Amino acid sequence: MSKLPEFKTIAEEVAFWESHSTADYWDESEIVHFDVDVYHNLLGDDPTILLEKSDYCPRCQQSLVHVSLEYLTQNHGHLVSVRDVPAYQCDKGHIYMMAETFDLLLDLLEKENQQRIIPVEILHVPVFHLQQSF
Ligand SMILES: [Zn+2]
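Quick caveat, the model's predicted, so the values are computed rather than measured. (Residues numbered from 1 in each chain as written. Predicted model: local features only at pLDDT ≥ 70, side-chain atom pairs only at ≥ 80, totals over all residues.)

Time to look at the overall build of the protein chain. On a plain count of helices and strands, the protein chain comes out with two helices and four strands. Starting at the N terminus, the α and β elements of the protein chain follow one another as α-β-β-β-β-α. The C-alpha atoms of the protein chain give 20 Å as radius of gyration, which overshoots the globular expectation for 134 residues (14 Å, by more than 25%). Counting only C-alpha atoms and orienting by the principal axes, one finds that the protein chain spans roughly 60 × 40 × 40 Å. Taking all 134 residues of the protein chain together, 8% fall into the buried category. In the protein chain, the share of contacts with a sequence separation of at least 24, taken over all contacts with a separation of at least 6, comes to 55%. (Helix = DSSP H or I, 4+ residues; strand = E, 2+ residues; numbered from the N terminus. Rg over C-alpha atoms; globule rule 2.2 N^0.38 Å. Buried ≥ 20, exposed ≤ 12 C-beta atoms within 10 Å, placed from the backbone. Contact = placed C-beta atoms within 7 Å.)

Okay, here's the thing in structure tokens:
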């Protein structure tokens, strides 16, 4: 087994793990528990977060074009829609969002949760019971 180096920056650690296997450092690993608030986009695939802008899809190498998403997600138990979220998409449908855009989205959702921001629109959604189709 190899000895895990000390990392000074996240970038240094990312670069290390891109060329090393965790299997070689298994003895140094430990079980950790943490809570994660994941804001899935209920209107489509969750975008992959990019740290640096790329002209090409990291997964399929197709050109990326700028798109505008509507992001519908659950925020502390209720639905919230965020429109005009800038993102990038390839011809195969892989969707990417810049990390700073995702930070803005998380910031907006936190402000919404604390009622520190006023929605531009309130939507009313029809609700049914499945039994109504019988
Ligand atoms: Zn792609």
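Having put the structure on the table, let's press on.
Parsing the protein chain into structural domains produces domain 1 (1–32) and domain 2 (48–113). Using only C-alpha atoms to locate each centre, domain 1 and domain 2 end up separated by 28 Å. (Domains from an automatic or database assignment.)

Here we take up the sheet that holds strand β2 (residues 65–75). Taken in spatial order, the four strands of this open sheet run β1-β4-β3-β2, and their pairing is mixed. The open sheet has two edge strands with one neighbour each: β1 (48–50) and β2. When the angles between neighbouring strand axes are averaged without regard to direction, this sheet yields 50°. Across the sheet, helix α2 (residues 99–113) lies against β1, β2, β3 (78–89) and β4 (95–98), angled at about 165° from β3, the strand it touches most. (Pairing = 2+ DSSP bridges. Axes fitted to C-alpha atoms, helices over the stretch in contact; angles between N-to-C directions.)

As judged from the 10 bridges shared by β2 and β3, these two strands associate in the antiparallel manner. Bridged to Asn75 within β3 is His78. Linking β2 to β3, which pair antiparallel, is a turn of two residues; within it His76 sits at a positive phi near 50°. Pairing of β3 with β4 involves two bridges; the strand directions are antiparallel. Residue pairing across strands places Gln89 opposite Ile95, the latter belonging to β4.

With that settled, the discussion passes to the confidence of the model for the protein chain. On average, residues of the protein chain score 91 in pLDDT, and 97% of them are at 70 or above. Taken element by element, the predicted model of the protein chain shows its lowest mean pLDDT in helix α1 (residues 10–17) (86) and its highest in β3 (96). (pLDDT = per-residue confidence, 0-100.)

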